[in-house]
Amino acid sequence: MKITVSVTIQADDAAPAVVSDVFTFERATLGPASLGLHLNEAKDLLSAVQEKMVDEQVQVALAEAATCPSCGAAHRHKDTRADVVRTLFGVLRLASPRWWHCRCTPASTATFSPLAELLPERTTPELLYLEAKFAGLVSYGTSAKLLAEVLPLGRPLHATAIRLHAQAVAQRLEDELGEEQFSFIDTCPAQRAELPRPDLPIVVGLDGGYVHCAQQRSRRDGWFEVIAGKAMPATGRASCFGFVQTYDTKPKRRLFEALRAQGMAANQQVTFLTDGGEDIRDLPLYLNAQAEHLLDWFHITMRITVMTNMAKSLRLPPPSADPDLELSPETAAELISEVREDLRRLKWFLWHGNVFRALTTVDGLIGDLEILQPDDEREPGKLLTAVHEFDSYLRANAGRIPNYGERHRAGEAISTAFTESAVNQVISKRMVKKQQMRWTPRGAHLLLQIRTRVLNDQLANDFHRWHPGFTHCSPDAEDLADAAQPSHGFFRSPFLRGPAGRTAEPPGGRTVPEGRGRPGSDPGVDRGGPGGGPPGRACPRPRVVCTAEECRGGLNPGASAVAEVLSHHGAPARGAYRGGAHASSGAANSRH
Ligand SMILES: [Zn+2]
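Residues numbered from 1 in each chain as written. Predicted model: local features only at pLDDT ≥ 70, side-chain atom pairs only at ≥ 80, totals over all residues.

Turning our attention to the overall build of the protein chain. Helix and strand counts for the protein chain stand at 20 helices and 10 strands. For the protein chain, buried positions account for 37% of its 592 residues. Counted over contacts in the protein chain with a minimum sequence separation of 6, partners at least 24 positions apart contribute 65%. (Helix = DSSP H or I, 4+ residues; strand = E, 2+ residues; numbered from the N terminus. Buried ≥ 20, exposed ≤ 12 C-beta atoms within 10 Å, placed from the backbone. Contact = placed C-beta atoms within 7 Å.)

Right, let's talk about the sheet that holds strand 8 (residues 239–243) for a bit. Taken in spatial order, the 5 strands make up an open sheet running 8-7-6-9-10, and their pairing is mixed. In the strand order of this sheet, the two ends are held by strand 8 and strand 10 (291–295), each with one partner. The average angle at which neighbouring strand axes cross in this sheet is 25°, direction not considered. On top of the sheet, helix 15 (residues 441–455) reaches strand 6 (202–212), strand 7 (223–232) and strand 8; it is set at about 175° to strand 8, its chief contact. (Pairing = 2+ DSSP bridges. Axes fitted to C-alpha atoms, helices over the stretch in contact; angles between N-to-C directions.)

This paragraph deals with the sheet that holds strand 3 (residues 77–87). An order of 3-4-5 is seen for the 3 strands of this open sheet, with the pairing classed as antiparallel. Each edge of the sheet is formed by a strand with only one pairing partner; in this case those strands are strand 3 and strand 5 (111–112). Pairing of strand 3 with strand 4 (residues 90–100) involves 10 bridges; the strand directions are antiparallel. Bridge assignment links Val85 to a residue of strand 4, and that residue is Leu92.

As a further point, take helix 15. Counting along an α-helix, one turn takes 3.6 residues, and residues three or four places apart therefore face a common direction. Taking 1.5 Å as the rise per residue, helix 15 with 15 residues should run 21 Å; its terminal C-alpha atoms sit 21 Å apart, in good agreement. Of all 15 residues making up helix 15, 14 are buried, and the element is well covered by its neighbours. Looking at the residues trailing helix 15, positive phi occurs at Asp457, about 60°. (Expected span 1.5 Å × (residues − 1).)

The next point concerns the nonpolar core. Grouped together as the largest cluster of nonpolar side chains are 96 residues, with contacts concentrated most on Val226, Leu259, Met307 and Ile450. Discounting chain neighbours no more than four positions away, the residues touching Val226 are Gly208, Gly209, Tyr210, Val211, Gly242, Val244, Ile427, Ala444 and Leu448. (Core = buried A, V, L, I, M, F, W, Y, C linked by C-beta atoms within 7 Å.)

So, about the pairing of strand 10. Strand 10 sits mainly inside the fold: 4 of its 5 residues count as buried. Sheet analysis places strand 9 (residues 270–274) next to strand 10, joined by 5 bridges and oriented parallel. The partner of Val270 across the bridge, within strand 10, is Ala291.

Okay, the environment of Leu45 next. Along the polypeptide, Leu45 turns up in helix 1 (residues 39–65). For Leu45 and Thr24, which are 21 residues apart along the polypeptide, the C-alpha to C-alpha distance reads 8.6 Å. When near neighbours in sequence (up to four residues on either side) are disregarded, Leu45 contacts Val5 and Phe23.

Where helix 3 (residues 125–137) contacts helix 4 (residues 140–150), the axes come no closer than 8 Å and their chain directions differ by 130°. What the angle tells us is that helix 3 and helix 4 run oblique. For helix 3 against helix 4, the interelement crossing comes out right-handed. Contacts from Leu130, Glu131, Phe134 and Ala135 in helix 3 reach Tyr140, Ser143, Leu146 and Leu147 in helix 4. (Parallel < 35°, antiparallel > 145°, perpendicular 65-115°, else oblique. Left-handed = near helix turned anticlockwise from the far one by under 90°.)

Mapped onto the elements of the fold, Gly72 is located in the loop between helix 1 and strand 3. Looking at Gly72, the number of C-beta atoms within 10 Å reads 9, which means it is exposed. Distance from Gly72 to Cys102, taken between C-alpha atoms, is 9.4 Å for residues 30 residues apart in sequence.

With that out of the way, let us pick up the confidence of the model for the protein chain. Averaged over every residue, the pLDDT of the protein chain is 74; residues scoring 70 or more account for 72%. For the stretch residues 477–592, pLDDT sits under 50, and the model shows 214 contacts to residues farther than four places along the chain or on other chains. (pLDDT = per-residue confidence, 0-100.)

The next point concerns the pairing of strand 6. Burial analysis of strand 6 places 11 of its 11 residues in the buried class, which makes it a mostly covered element. Of the two faces of strand 6, both are covered, the one formed by Ile202, Val204, Leu206, Gly208, Tyr210 and His212 as well as the one formed by Val203, Gly205, Asp207, Gly209 and Val211. Across 5 bridges, strand 6 lies against strand 9 in parallel orientation. In the strand pairing of strand 9, Leu206 is matched with Thr274.

The structure is reproduced here in structure tokens:
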């Protein structure tokens, strides 16, 4: 059997139709492999149709521009150049004539190229869109291979070309971002009082991750930091954002735009949950009049867990040579158990937002460890360093430690384990997965802009805005509509379809340490079903659940979610997570 595909072109209603055969192929007996079109045939067919179609389009366009619009005289021909345009279906070499301007109208140049004016870009928007979209999801090299695999691109598309194109798209987005401002609050309390009642709070998580630096001059600058975040409204889908803080000049504007895109009203409450890192501490300032900035519970518990593990390996000190410093084994054992108990108390005080008692406990810990510490080499020394670090961490963030227990029972956000998932999603999966991936701050920053747009499913909209004729419709659009779940589902990011994790657990499970919990503050009493309210009644407010597909443990305080998430992606145990790096050891810190 011989099959011929022909193209029929009718320039306008009056003109006769022109039929031309563009492609012929043959088929023998029917079998699974011979059924229908093969990819290679489809590619050849598409590029043949493309050429035919483009020829006609170009001829029509040139015919329309051939005469002077004022006097009707034909433009005189100067010369012809070849314009190369990359499309999804092949590289086109278009004969682009240069014509003299008509003398009847003065012009700034002597000649003009009608085709070059109509087609100013060397790549069609749809190809550019797909290049950027793929690059946002997988490496530049893989993007090039994937596109070449399924499309008749013609001349091979190199990874470098994809990188440059994606960066150009990102730069265009960057140029559209408004000016940085010190404050984004432009209403007064009286004006805000007039506004209609806003939605439930938007929860914003901010966290840092690390990527390999391309220009490594010393061991210390092998990494640089990338900030990722996620903004979650009470209803509708979450959106993520990211930036390289050493490169970005407009981080506040970026965050503000992310919130505005979430429909943030001037009188709406915004809860920022961060790891308390110095660099992002000031970011939420003056973004919203009703903003509260809290230290997230996840990071506190992670640090306490690291210290608790160190305390577990504490051993009795060897007999000292100096009889004045001699510590009886009984006293040492007592001190060690005191240290372990203090760490448990510390977590409990912080869960209740009792910073004062927490700091007193830390002081006690330091005292005990100093007595235990014979020299810097052994465990008490390491633990002492960690406790000192935790002390400064608490002091620096004292104003951002709420009563987590109370918030938890009220169904309010207390943790950014979901941001850990944002870090993982925005950074690790694309940028840290392979150890050999190395980045410049600019390259990483621009890629982040593309990646977050892809993950938020906004990139197609940007292309629609730039190119009114752009009709590409993202295939996920419908999925995403389904995924935009109301209320309880709101922490379930539409692009992370893992099972919903458990709700947060207070420290130490449901048991209250003797005489430690404040009256009526037992976090184990009033928790019903996963919704938080009594079983069988719908919870009026959404709760924080970790939904990262990698995070099996939900929001378990102290769960080694970071280690778990990292190991899934082959990221270095030290380095990819700021929290993990701080909490694990001083050595990890020095690498950054
Ligand atoms: Zn003229």
